[in-house]
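Structural overview for review
One letter stands for each residue in the lines below.
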Amino acid sequence: MLIKEIQFVGIDVMNFLELLRDFNEVAGEATPLLMEGLQFTVLVSVCAIVIGIVIGLIACLMRMSHFFLWRWIASAYIWVVRGTPMIVQAFFIHFGLPQIISLFIPEFTFTVIQSSIITTSLNAGAYIAEIFRGGITAVPKGQTEAARSLGLSQGKTMRKVVLPQATKIAIPSMVNQFIITIKDTSILSVIGLPELTNKTKIYVGATFNYFASWIFVGLFYLILISILMIILKKVEASFSYERKN
Amino acid sequence: MKEKIRVTDLRKSFHHLDVLKGIDLRVQEGEVVCIIGPSGGGKSTFLRCLNQLETVTSGEIIVDDFVLTERKVNINKIRENIGMVFQSFNLFPHLTAKKNIMMAPVDLKKMTRDQAETKALELLKRVGLSEKADNYPHELSGGQQQRVAIARALAMQPDVMLFDEPTSALDPEMVGEVLQVMKELAAEGMTMVVVTHEMGFARDVADRVILMADGVIVEEGTPDELFEKPKESRTQEFLRAVL
């Protein structure tokens, strides 16, 4: 009776309840699967962020160097990464690059994990380079002059005076980039990285629980990124210039 | 008396603009030289040449027998001996007052960490800021920041101190405290070159006052000579405007 009445209002309650029941089912069935996927998402993200920071710092310093060749290489790298979609980069690194390399080293291939880490690190590195550059440019010139006038070399001035300040300035943009990097790992499902999105796709393909599954994996990403944000808030707080008692 | 600074026919141009048009200057050990003059006359540029924050177009600068204008010279080593104080203080905002002072001596292996800390606290006491050792620059007033900046420069135990309009960015009530520190420094025999708009300071403390305008030294002399009986009309004009 009740169901008939509500159908009258135009809602298919039976189907709606079914979707909710699916959700329960998905939570039970898919969790172990998604936990496996989560491991790959976290592994690739962490590697990409750590390697990306190193590449980004080097590319940034090269780009700001007085030597034209370094500048040229760094600019070209940043230009290519920013100017092409990551999905194309992933395909190129996983399938294209080994083809060239195998001319010199027969049978050369990258594992999916290797390609994934290379792609995301190179990708994040280019954006992080620009974030660092923005931070460094924002440090007043007087800071460099003060350090140099005390006798510090150019390198020491960079390390001890400019970079600590540039990092603080760059943190908000950096957090943004880390979040993008985590989410971008989902693109690597196209080369077969068994991460969260890929695992969900496989699960959905077998069960057709679209609604519940995609909400469920969304929650995984939300939680993962929230944890990252909490950690980075702490990091950001440690950069504040307050008297510590 | 030993000659500390010798500048010969110093010229500096930015693109096609000649900022310094042949400056000659000698500064003896323990001498306090104040450079006054209108804005845009090349005072700050000249001072910045003295520790090579500006490269020169031609001419020669010798500080402590080192020829700064030679290409192969180790400028970092020479700068350790030349302290500089800036108009905008330029304290390092990510370091406490004490760490600002300690950084260069420790980093350049002039002192151990403990020695540098003792030295920093001693210098802070000397500029009257002992209780601010653990404060960050943004927690200090302008006058306090500038005093820390002077202490920071002194920590390297320089032979020569350069001051680039050290009180120009300060609120009027804070000018006195900074000038007081500079006065004490002068009395202790520090060789100082000071670009300043504080005519009172120049008159009281300087051994020699230089009026620089349009990239040349217009007139120089003792404070008495320059302030009481200026010879050049350019000097008279400037003094009329500021006094």
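As shown above, the structure is provided for reference.
The following refers to the structure shown. (Residues numbered from 1 in each chain as written. Chains lettered and ligands numbered in written order. Predicted model: local features only at pLDDT ≥ 70, side-chain atom pairs only at ≥ 80, totals over all residues. Heavy atoms only, no water.)

What follows is about the interface of chain A and chain B. Contact with chain A, which involves 21 residues of that partner, is made by 27 residues of chain B. With both chains or domains summed, chain A and chain B bury close to 2,200 Å², and 55% of this area falls on carbon and sulfur atoms. As a salt-bridge pair, A:E145 and B:R48 come within 2.7 Å of each other at their nearest N and O atoms. At the junction of chain A and chain B, the tally comes to seven residue pairs in polar contact (both at pLDDT 80 or more). Of all the secondary structure elements, the ones that give two or more residues to the side of chain A that touches chain B are α6 (141-149) and α7 (154-184) of chain A. It is α6(A) that contributes the most residues to the side of chain A that touches chain B, eight residues altogether. Residue composition of the side of chain A that touches chain B, grouped by class: seven nonpolar, six polar and eight charged. (Contact = heavy atoms within 4.5 Å. Buried area = accessible area lost by both parts, 1.4 Å probe. Salt bridge = Lys/Arg side-chain N within 4 Å of Asp/Glu carboxyl O. Polar contact = N/O pair within 3.5 Å; in protein donor to acceptor, adjacent residues only side chain to side chain. Helix = DSSP H or I, 4+ residues; strand = E, 2+ residues; numbered from the N terminus. Nonpolar A, V, L, I, M, F, W, Y, C, P; charged D, E, K, R; others polar.)

A few words now on the packing of helix α2 (residues 13-63) of chain A against helix α9 (residues 210-238) of chain A. Residues and elements named next belong to chain A. With their axes 8 Å apart at the nearest point, α2 and α9 run at an angle of 45° to one another. If you check the angle between α2 and α9, you find them oblique. Here α2 and α9 pass one another in a crossing that is right-handed. Along the contact surface, α2 presents L19, D22, F23, V26, A27, T31, L34, M35, L38, T41 and V42, while α9 presents F211, A212, S213, I215, F216, V217, L219, F220, Y221 and L224. Here the contact of α2 with α9 is composed, by residue class, of 17 nonpolar, three polar and one charged. (Axes fitted to C-alpha atoms, helices over the stretch in contact; angles between N-to-C directions. Parallel < 35°, antiparallel > 145°, perpendicular 65-115°, else oblique. Left-handed = near helix turned anticlockwise from the far one by under 90°.)

The next point concerns the packing of aromatic side chains. Scanning all chains against the criterion turns up six aromatic pairs over all chains. With a centroid separation of 5.1 Å and an interplanar angle of 80°, the aromatic rings of A:F108 and A:F110 are classed as edge-to-face. On the basis of relative accessible area, A:F108 is assigned to the partly exposed category, the value being 23%. Counting every residue linked through ring pairs, the aromatic cluster contains A:F67, A:F68 and A:W70. One Lys or Arg, B:R152, reaches over the ring of B:F92 and ends 4.4 Å from the middle of that ring. The ring of B:F227 carries the charged tip of B:R203 above its face, separated from the ring centre by 5.0 Å. (Phe/Tyr/Trp six-rings, centres within 6.5 Å; stacked < 30°, edge-to-face > 60°. Buried < 20%, exposed > 50% of the residue type's maximum accessible area, 1.4 Å probe, protein only. Lys NZ or Arg CZ within 6 Å of the ring centre and 35° of its normal.)

We now examine the pairing of strand β3 (residues 32-36) of chain B. Residue and element names in this part refer to chain B. Where burial is concerned, most of β3 is hidden: five out of the five residues are buried. Because side chains alternate across β3, one face comprises the buried residues V32, C34 and I36, and the other comprises V33 and I35, equally buried. Where β3 meets strand β8 (residues 191-195), four bridges bridge the pair, whose relative direction is parallel. Paired with V33 across the strands is V193, a residue of β8. Relative to strand β9 (residues 208-213), β3 runs parallel, the two sharing four bridges. Within β9, the position partnered with I36 by the bridge is L211. (Pairing = 2+ DSSP bridges.)

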